[in-house]
Amino acid sequence: MEPMAGKACVPERADFADLVLQVPEPPSLWYELTGMLRKAVRYQCADKHFTFSSIGYANLAKLDPQYGLYTSAVPPLVYAVMGTSREIAIGPVAVVSLLLSSMVQKIADPAIDPASYRKMVFTVTFLTGVFQFAFGLLRLGFLVDFLSHAAITGFMGGAAIVIGLQQLKGLLGLSHFTSNTDVVSVTRAVWVSVHEPWHPENFFIGCSFFLFILGMRFIGRKNKKLFWVSAIAPVLSVALSTLMVYLTRADSRGVKIIQKVDAGINSSSVKQINLNGPYVTECAKIALICAVIALTEAIAVGRSFSVINGYKLDGNKEMVAMGFMNVAGSLSSCYVATGSFSRTAVNFTAGCKTAVSNVVMAATVMVALELLTKLLFYTPVSILASIILSALPGLINVQEVCILWKVDKMDFITCMGSFLGVLFGSVEIGLSVAISVSFAKVIVHSVRPQVQILGRLQGTDIFCNIKQYPMVCQTPAVLTTRIDTSFLCFINTSFIRERITGWVTKKHEEIRTVVLDMSNVVNIDTAGLAALEELHEELVSRGIQMAIASPGWQVIHKMKLARLVDGIGENWIFLTVGEAVEACLANKKGGDLEC
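Parameters at a glance
Here the residue index of a chain counts from 1 through its sequence in written order. For a predicted model such as this one, the threshold for reporting local features is a pLDDT of at least 70, and the threshold for listing and counting side-chain atom pairs is 80 or more; totals across whole chains, interfaces and linings nevertheless cover every residue. Note that water and hydrogens are dropped before the side-chain values are worked out from all heavy atoms of the structure. UniProt positions are given in the numbering used here, feature names are shortened, and annotations may be inferred rather than shown by experiment. Secondary structure counts use DSSP, requiring at least four H or I residues in a row for a helix and at least two E residues in a row for a strand, with both numbered from the N terminus. Only protein chains enter the calculation, and the probe is 1.4 Å; a residue is then buried if its accessible area is under 20% of its type maximum, exposed if over 50%, and partly exposed in between. Using a 1.4 Å probe, accessible areas were evaluated by the Shrake-Rupley method; residue-level cover was limited to the displayed protein chains. Pairing between strands requires that DSSP locate at least two bridges from one strand to the other. Whether a set of points on the 1 Å grid over the protein atoms alone is a cavity depends on a 1.4 Å probe fitting there but being unable to get out, while an open set qualifies as a pocket with protein on both sides within 12 Å along at least five of seven lines; lining residues are those with an atom within 4 Å of a point. Grid points are joined across faces, edges and corners, and a volume is the space filled by probe spheres set on the points. The residue classification treats Ala, Val, Leu, Ile, Met, Phe, Trp, Tyr, Cys and Pro as nonpolar and Asp, Glu, Lys and Arg as charged. All others, Gly included, are polar. Residue contacts are counted whenever heavy atoms from the two residues lie within 4.5 Å of one another. Axes here mean lines fitted to C-alpha atoms, for a helix over just the part in contact, with angles spanning 0 to 180 degrees between N-to-C directions. An angle below 35 degrees is read as roughly parallel, one above 145 as roughly antiparallel, one from 65 to 115 as roughly perpendicular, and any other as oblique. Each helix crossing is assigned a hand: it is left-handed if the near helix lies turned anticlockwise from the far helix by less than a right angle, otherwise right-handed if that turn is clockwise. When a carboxyl oxygen of Asp or Glu lies within 4 Å of a side-chain nitrogen of Lys or Arg, that pair is called a salt bridge. Any pair of N or O atoms that falls within 3.5 Å is considered a polar contact. Within protein, one atom must be able to donate a hydrogen and the other to accept it, and sequence-neighbouring residues count only if both atoms are side-chain atoms.

- The protein chain is annotated in an unreviewed UniProt entry as Low affinity sulfate transporter 3-like isoform X1 of Panicum miliaceum.
- Database annotation for the protein chain, UniProt heading Subcellular location (unreviewed entry): "Membrane".

Here it is in C-alpha cells:
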C-alpha cells in the first residue's frame, strides 16, 4: 500500500470548500467577557390561608410565628414591582425553611440563644439576596442548572419526609426534640418522647384537621368551580381549632398553643445583619446554597405556569427581582422568600392574571399582623403541623421517579442519591451527593464520548451511524468517523485516538483514507491539537491519509495557529463529509470502491 501524501495525489477541490479555511477569527475571550458585562449594564433593572401556612413555615425555620408573616408581606410587594411572572406567589416555603434551620443552627442554637440565631438568619438572607442579584445581573442563570431535574426530584422527596418527621414534635405535643434532620435521629427522638408523659389531644386535633384539609383539597380538585374550598380549608382549620381550644380550655390539659404573636408590621432588622463577625464565611456558604435552591424552585414554578399561559419568563430578570426582594426582606425582619408551587397553583386556579395578587396577599398579611394576631393566642401548635403536613404530598413525585428509572438509570441514581442523602444524612449531604453524581455523569460522558463509524445513505450525501442505521453503505477504502463531543480536550483525546487507531488496525489492509467528521466539535485545546497531529502522523506512517470535514469555527482557527493545517494539508480540510469522501474516491485509482 502506497502513501497518499504528495502533490500528485491531492484531489481537486470545489470552490466553496475554501470557506472552511477563509473564515474570520472567532471572537476572543475578552470580547465575550466584555459582551456579558455590556448586557448586564444595559439591563434595567392572596388569601388568608397563606398567613397560617407562613406561621407554620416560620416554626419550621425555628423562628417566632410573626417572622413567617413578615416574610409574606415585604418580599411579595418588591416582587410585584420587579418580577416578570404573572402567577407566582412569593413567601416562605417548606424546603428553604428546613434548609435554613438545619444549617444555621450549627452556628447558633435557636433554643439557647434565639437572638444570635435570628441575626444569623437575617445575615444569611441578606447574602442570599446579594448572590441572587449578582447571578441575574451577570447573567449567570446557568448556575441554577447545576442542580438537575433528577437531583431536585430526589431532594424534594427527601426534604418532604424530613419535614414531615419534624412536624411530629408539634403533632404529638412534645417539649423536647432533636435538632438533627436525619430520619434515624428523628425516629429515635420520637421513640424516646412517646415513652414520656404526653397528651393525645394534640395528636387528635392535628390528625383530625389534617384529614379535613386533605378532604377539602380532594373536593377542590374534583370540581374546579370549588377550588376556593381547598383555599379556605387552612383558615377554617385554624379558626375552628382555636375556638375549640378556647371554649374547652384544652391548653390547661396539655394542648400546646402558640400563645403570643407580636402584633404590628415588619420592624427594621438592619442592625441585626452582621457582615464583620467570625461566622460570615459560614453564612456565605449557607446563603449560596439557599440562593441556588430558592432560585431553582422559583424559576421552575414560574416557567411551568408561563408556558401554560403562553408567555416567556426572563430567568435573569427573575434572579434580579428575587435578589432585590430578599435583600429588602433581610432589612425588614424577613427570612429567605421564594416562589411556592402550591400557592402559585391556587393563584392560577383563582384566575390571577398579574402580579397584583402578591400585593393583595401582602396587604392581607399586614392587616392580619395589625388586627388578628391576638386571636391566634389559643391556636394549637398541632394545627400548624397539620397544615405543613398537608402541603408535603405534592413534594413527593413517585411517578417521576419511576419515569427516571425507565428512561435514564444515571438520572435515577442521582435522584436516589439526593433522596437518601437528605433522609439519612442532612440537607447538605443530600445536595452534595446529587451534585457529585451529576458531575460524575458529565465527566463520564466527557471522558468517553461516542465515536461513530458512518456510512452513506444510498442516493444521498447523508452519512449516518452504521449501528443506528444498518441499511447504510460503507466505502471499504474510506473509514468515515464522527466525533460526538463539543470539546476535544485533554480528558477525551486518548480515548478518541485509541478508538480510531483500533479500527484502523483491525482493517489495515482495506483502509486508504480516514475521514474525521468534526461537525459536532465546537472547541479544541492544545491536547486535542496534539492528539490530531499524532493521529495524522500514525496514519501517514501506515500509508493512510487523514481528512477532516466540517471543523468548527474555533477548531479551524486553532488548527491554523498551531500549523496543524499545514501538516495535514489545506486540500484535506473539507466543508462536508460528502465532499471529503468524494475527494478520497476520486483520488483512489480505480472506481471499484463506490458505495
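As for the overall build of the protein chain
Reasoning step 1: Along the protein chain, the regular secondary structure elements total 24 helices and 10 strands.
Reasoning step 2: Taking all 595 residues of the protein chain together, 51% fall into the buried category.
Reasoning step 3: As displayed, the protein chain has an accessible area near 27,900 Å², and 62% of this comes from carbon and sulfur atoms.

What about the pairing of strand S3 (residues 450-456)?
A regular strand carries its side chains on alternate faces of the sheet.
Reasoning step 1: Across the seven residues of S3, six count as buried, placing the element largely inside the fold.
Reasoning step 2: Inspection of the sheet shows S3 paired to strand S4 (residues 463-465) by three bridges, in the antiparallel sense. The residue bridging Leu454 from the neighbouring strand is Asn465, located in S4.
Reasoning step 3: Counting the residues in the hairpin turn of S3 and S4 gives six residues, including Gly459, whose phi is positive at 80°.

As for the layout of surface pockets
A water-sized probe rolled over the atoms picks out the places where empty space is left.
Reasoning step 1: If you add up the space inside the second largest pocket, you get close to 1,100 Å³.
Reasoning step 2: Contributing to the lining of the second largest pocket are 34 residues, with Asn59, Lys62, Leu63, Lys169 and Val381 lying nearest its centre.
Reasoning step 3: At the level of elements, helix H2 (49-60), helix H3 (65-71), helix H5 (94-104), helix H6 (114-137), helix H8 (168-172) and helix H16 (381-391) are the ones that each hand at least two residues to the lining of the second largest pocket.
Reasoning step 4: By residue class, the composition of the lining of the second largest pocket is 16 nonpolar, 11 polar and seven charged.

Considerations on helix H4 (residues 74-82)
Given 3.6 residues per helical turn, the α-helix brings residues three or four places apart onto the same face.
Reasoning step 1: Turning to H4, its buried residues number three or more, namely Val74, Pro75, Pro76, Val78 and Tyr79.
Reasoning step 2: Packed against the buried residues of H4 are H3, strand S1 (89-91), helix H13 (315-330) and helix H15 (356-371).

Considerations on the packing of H5 against H6
Reasoning step 1: Between H5 and H6, the least distance of the axes is 11 Å, while the angle of their chain directions is 125°. Classified by the angle between their axes, H5 and H6 sit oblique to one another. At the point where H5 passes H6, the crossing takes the right-handed sense. Contacts between H5 and H6 involve Leu100, Ser101 and Val104 from the first element and Tyr117, Met120, Val121 and Val124 from the second.
Reasoning step 2: For the contact of H5 with H6, the per-class residue count stands at six nonpolar, one polar and no charged.

Things to note about unusual backbone geometry
Reasoning step 1: With a phi angle near 50°, Arg249 is a residue other than glycine that sits in the positive phi range.
Reasoning step 2: Take Arg249: it is sitting in the loop between helix H11 (227-248) and helix H12 (280-309).
Reasoning step 3: For Ser333, which is not glycine, the phi dihedral falls at a positive 65°.
Reasoning step 4: The residue Ser333 is located in the loop between H13 and strand S2 (338-340) in this model.

Some remarks on the packing of H6 against H13
Reasoning step 1: Direction vectors running N to C along H6 and H13 enclose 160°, while the axes themselves pass 7 Å from each other. In terms of orientation, H6 and H13 fall into the roughly antiparallel class. Crossing handedness for the pair H6 and H13: left-handed. Contacts between H6 and H13 involve Phe122, Thr125, Phe126, Gly129, Val130, Gln132, Phe133, Phe135, Gly136 and Leu137 from the former and Asn316, Met319, Val320, Met322, Gly323, Phe324, Asn326, Val327 and Ser330 from the latter.
Reasoning step 2: Across the contact of H6 with H13, the residue classes break down as 11 nonpolar, eight polar and no charged.

A few points about the pattern of salt bridges
Between side chains of opposite charge, a pair can form when the charged atoms approach closely.
Reasoning step 1: Following the criterion strictly, the structure yields eight salt bridges and no others.
Reasoning step 2: A salt bridge links Arg456 to Asp461; the shortest N-O distance between them is 2.8 Å.
Reasoning step 3: Classification of Arg456 by relative accessible area gives buried; the value is 9%.
Reasoning step 4: The closest approach of N and O atoms between Glu534 and Arg497, which form a salt bridge, is 3.5 Å. Linking Glu534 in helix H21 (residues 526-541) with Arg497 in helix H20 (residues 493-506), this pair joins segments that are 37 residues apart in sequence.
Reasoning step 5: Beyond isolated ion pairs, a larger network of salt bridges with shared partners links Asp408, Asp411 and Lys441.

Side note on the side chain of Ser97
Reasoning step 1: Following the sequence through the fold, Ser97 ends up in helix H5.
Reasoning step 2: Using a relative accessible area of 0% as the deciding quantity, one classes Ser97 as buried.
Reasoning step 3: Reaching out from Ser97, the side chain makes a polar contact with the side chain of Tyr335 at a distance of 3.0 Å.
Reasoning step 4: Look past the residues within four positions of Ser97 in its chain and what remains in contact with it is Tyr57, Leu60, Ala61, Pro92 and Tyr335.

Overview of the pairing of strand S7 (residues 513-517)
Reasoning step 1: In terms of burial, S7 is largely enclosed, as five of its five residues are buried.
Reasoning step 2: Both faces of S7 are covered, namely the face carrying Thr513, Val515 and Asp517 and the face carrying Val514 and Leu516.
Reasoning step 3: Of the strand pairs in this sheet, strand S5 (residues 478-484) and S7 are connected by five bridges, and their pairing is parallel. Bridged to Val478 within S7 is Thr513.
Reasoning step 4: The pairing of S7 with strand S9 (residues 545-549) spans five bridges and is parallel. When the bridges of S9 are listed, Thr513 appears paired with Gln545.

Overview of the sheet that holds S5
Reasoning step 1: Taken in spatial order, the six strands of this open sheet run S4-S3-S5-S7-S9-S10, and their pairing is mixed. Among the strands making up the open sheet, the edge pair consists of S4 and strand S10 (573-574).

So, the environment of Ser208
Reasoning step 1: Structurally, the position occupied by Ser208 is in helix H10 (residues 200-222).
Reasoning step 2: Residue classification places Ser208 among the partly exposed residues on the basis of a relative accessible area of 31%.
Reasoning step 3: With 178 residues separating them along the chain, Ser208 and Ser386 place their C-alpha atoms 8.8 Å apart.

Considerations on H16
Reasoning step 1: Among the 11 residues in H16, 10 count as buried, and that is most of the element.
Reasoning step 2: Listed in full, the buried residues belonging to H16 are Val381, Ser382, Ile383, Leu384, Ala385, Ser386, Ile387, Ile388, Leu389 and Ser390.

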